[in-house]
Structure formats: structure tokens, C-alpha cells
Amino acid sequence: MKIDVFNLPIDFINLILIVLFSLIIGLSQRKLHSYKEDRKVFGTDRTFTFIGLLGFILYSLDKTNMIPYLIGFVVLSFYLGIFYIFKIKEFSSFGLTSILIGLLTYSLTPIIYVEPKWLVILIVVTVLFFTEIKVPLSELSSRFEKDEFISLGKFLIIAGVVLPVLPDVPLVDFVSITPYRIWLAVVAISSISYLSYILQKFVFRDSGILISGVLGGLYSSTATTFVMAKLSKSDPCNYRKYAGAIIIATAMMYFRIMVLVIIFNQELAKLLAPYFLFLTIISFLTSIVIYKSKYKLSDEQNDIVDNEISKTKNPLELKVSIVFTLLYVFFTFATYFTIKNFGNSGLNVLSFIVGVTDIDPFLLNLFQGKYEVTMMIIAIATLQATMSNNILKATYSTILSHKNLRKLTLIGFLIITTANVLAIILISLF
């Protein structure tokens, strides 16, 4: 017989673990159900312990012959089936949770023999976890709209089905563009956007304006600026809060781009990291200074902000992915021909032009592409594109916002733009 490191038979140790785990699961079931509901549960904490013990005994009769153990499983399932029919007839209760947990308890013994102990512990912890979060799960499920799982399915298809099957072979000889790299960029942006969407909808649902600016910036700082500027007209007393949210969305833009650089180009990340950290901090501190105010958003206005920001979040729409892909391909060829015909000066001009569009496809193309330019030139082009995009957002906030907000956002974007210019100068010099 195999001996454990503590000189105890492995069967003895497994028996103790099975009894302990089964008892803990049974106690969790007892705690979950009140006294009046006990009749809807097929047993108590001792019942689950006996189920685990039964599984251990039948498995131990002959570990090479699973027939006794499987017969026990069938018989247990039969009796649990009778109980379930009675529960439906007597109490009109269709819950299967306690029955499934009983079968899981019976199934622990084979796993504890053939798998590592940490896996068994993880299974028990998972059972306990999902037993305890019944009420929070019910509250969470009530927040799901009918299209939520369709969105999740789209994300899984985009990231887990389409991406692995695409070839990583260049489409043409003169640029390093491949179907895999194109779709990897789509997956990266979709992941960040979807995470922002999930956080906004389920974690920070009643977050208020500042958190809405943070999460909106993870998705699109331009869209967030557009929405916040328009909302400021209906709530002029809180113009400082809208201005602060607009600036903090830009801080999150720098953070998002830095994450993408780290994912796609570690060499460029080493060069850009100090400057993007500097710009993120400057933008964040500017937003906090602007945001401070003696005014406070009402609950009704908070709801309006959350709802309006949520309307801009459709991170997994098929048409969005198609547009992103087309823009990525377009900027790949545009960048190649610009560099070939006009050199570094052409890339500088192009980086300013793309600021009035979605800069992510252009930047991801720069991060992944293999162009005949130095890392310093790519870094400068990246900073210039963000600066150009900030000018666009400043224009939006000036045209669309309440008059009280315009001065604050212009000051905020002026500070950020100055910091951006300083970063470009420092990169050029060092």
C-alpha cells in the first residue's frame, strides 16, 4: 500500500479528506436553507457526509473495477429522482441545486485518488462559492438584457474561434500585414472595450460622472468627450464635474494606448513608457483639480450620465469590427506609401491627420508594422497622433458644451498638449 510522507496510509488520508469535504459541503447547504425550507432539501449536513462516505467505500472495494461505484451512483440518482418528483408535487419547487451538489459530493472520491489534491480543494471551494452567492447571482442576472449573451458569444467567437484559425502569412510582399495580425488588433481593442462595458454595466452601474469618464476613456475618450460636453448643457451647475470627466477620459486614453504598446511592441514600450506615464499623471491630476467643486450631482443626474455613456458602448458590433479592420488595412498601406514617398516628414503629417479619425487602427498598425523608420520616429508619430486627437476633443468640448465648461476644458487640454509637446521634444533630444 502506498505510504504518505507522514507515514500514514494514503487511503486513511483520503478518507479523512472525503469526510471533511463532504461535511463542509453539507454545512454550507444547512446554512443556505432556513428551517422552514428543510423539507425541500433531501438531507442535512450528515446526509452529505454519508453520501461522500458511500462513494469512498464503493470506490475502495476495487479501484480497478468501477462497477460497484457506478451502481452506487445510479442507485443514489434514482432515490434523488424520487425526492425531486415528490418535491415538485408537494411544494411546486423545481430547484435542482441540492441534488446536483449531492451527486458532486459522491463524485469526489475518484478525483481525490487520480487528480492532485489542489484540484479537489478547488472543486470544493467552487461548490461552496456558488452555494453562497445565490442571492448576488440572482441580482446580477436581473441586470442582464436579452442581448447580453449574444454580445458575450460575439466576443468568444472573435477571440477564441476566428483568431486561432487565421494564417499569420503576409497578404502582400511589401508590407508585413497578415490576417492574424489584423484580427489580433481587433481582439485587443474589443477586449479593452468589452471590459470597460462590463465594468460600467455590472460593477460601477451607479458610478456617477467621474467613474463614467474613466470607463468611457477606456473605450473611447473621443466618444466620452462628445457625450459629456452635450450633457453639460442640461446641468450647468456641475460644469466642473463634466470638465474633469472629459480630461480624465483623456488620461485613460494614454493608459489604454500604453497597454496596447506593451502588448504589441515591447521595444517601443520601453521608449514610450516614461512619457506616457508622465502624460497619464498630468492628465489625471489636471482632471482632479478641475473636478473639485462645492456642487454635487443629484442621483437623477448621475443616472442620466450613466445611461448616456452606456449608449455609446457597443464594443462588439459586427459593423464596428468591420470598420476597424478596414481602417487598419487602409492605414497599413497609407503608412507604407507615405514613408516610401515622403519619408519621416510624411509620417509626421499623417500622424496629425489621423487625429480627426479613430487613432487606434493607425497606432496598432504602427506598433505591429515593420517600416523602415526608427523607433524614435514611431514614438514621435504616436505622440503626435494623440495630440491631434486631443485637439479634436477640445474642439468638440468647445462647440457642444455649456459656456461655463469651455474655459476649463480648454485650459485642461492646453496643459495636456503642452506636456505632449514637451514629451515629443524630449524624445527627439534623447
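Cut-offs used in this document
Residues numbered from 1 in each chain as written. Predicted model: local features only at pLDDT ≥ 70, side-chain atom pairs only at ≥ 80, totals over all residues. Heavy atoms only, no water. Helix = DSSP H or I, 4+ residues; strand = E, 2+ residues; numbered from the N terminus. Buried < 20%, exposed > 50% of the residue type's maximum accessible area, 1.4 Å probe, protein only. Contact = heavy atoms within 4.5 Å. Areas by Shrake-Rupley, 256 points an atom, 1.4 Å probe, with all protein chains shown as cover. pLDDT = per-residue confidence, 0-100. Axes fitted to C-alpha atoms, helices over the stretch in contact; angles between N-to-C directions. Left-handed = near helix turned anticlockwise from the far one by under 90°. Nonpolar A, V, L, I, M, F, W, Y, C, P; charged D, E, K, R; others polar. Polar contact = N/O pair within 3.5 Å; in protein donor to acceptor, adjacent residues only side chain to side chain. Core = buried A, V, L, I, M, F, W, Y, C linked by side-chain atoms within 4.5 Å.

When helices and strands are tallied, the chain shows 18 helices and 0 strands. Each of the 430 residues in the chain was classed as buried or not, and the buried ones make up 46%. Contacts in the chain between residues at least 24 apart in sequence constitute 76% of all its contacts with a sequence separation of at least 6. With an accessible surface of roughly 22,400 Å², the chain has 69% of that area assigned to carbon and sulfur atoms.

A separate point is the confidence of the model for the chain. Per-residue pLDDT for the chain has a mean of 81; in total, 84% of the residues score no lower than 70. This model gives residues 294–301 a pLDDT under 50, and the stretch forms 14 contacts once residues within four places in sequence are excluded.

The geometry of helix H2 (residues 45–61) relative to helix H4 (residues 97–106) is characterised by a closest axis approach of 8 Å and an angle of 35° between their N-to-C directions. In the crossing of H2 with H4, the sense of the turn from one axis to the other is right-handed. Along its contact with H2, which presents Phe48, Ile51, Gly52, Leu54, Gly55 and Leu58, the element H4 presents Ser98, Ile101, Gly102, Thr105 and Tyr106. Across the contact of H2 with H4, the residue classes break down as 6 nonpolar, 5 polar and no charged.

Now for the side chain of Thr250. Relative to the helices and strands, Thr250 is located in helix H12 (residues 239–264). With relative accessibility at 0%, the residue Thr250 sits in the buried group. Side-chain polar atoms of Thr250 contact the side chain of Lys393, separated by 3.1 Å. Ignoring anything within four residues of it in the chain, the contact list for Thr250 reads Ser221, Ser283, Asn390, Lys393, Phe413 and Ile416.

Ranked by internal contacts, the top residues of the largest apolar core, which has 76 residues, are Phe362, Leu364 and Phe367. In terms of residues, this core owes the most to one element, H12, which gives 15 residues. Here Leu364 is in contact with Ala185, Ile189, Leu260, Phe264, Phe324 and Tyr328, once residues within four sequence places are set aside.

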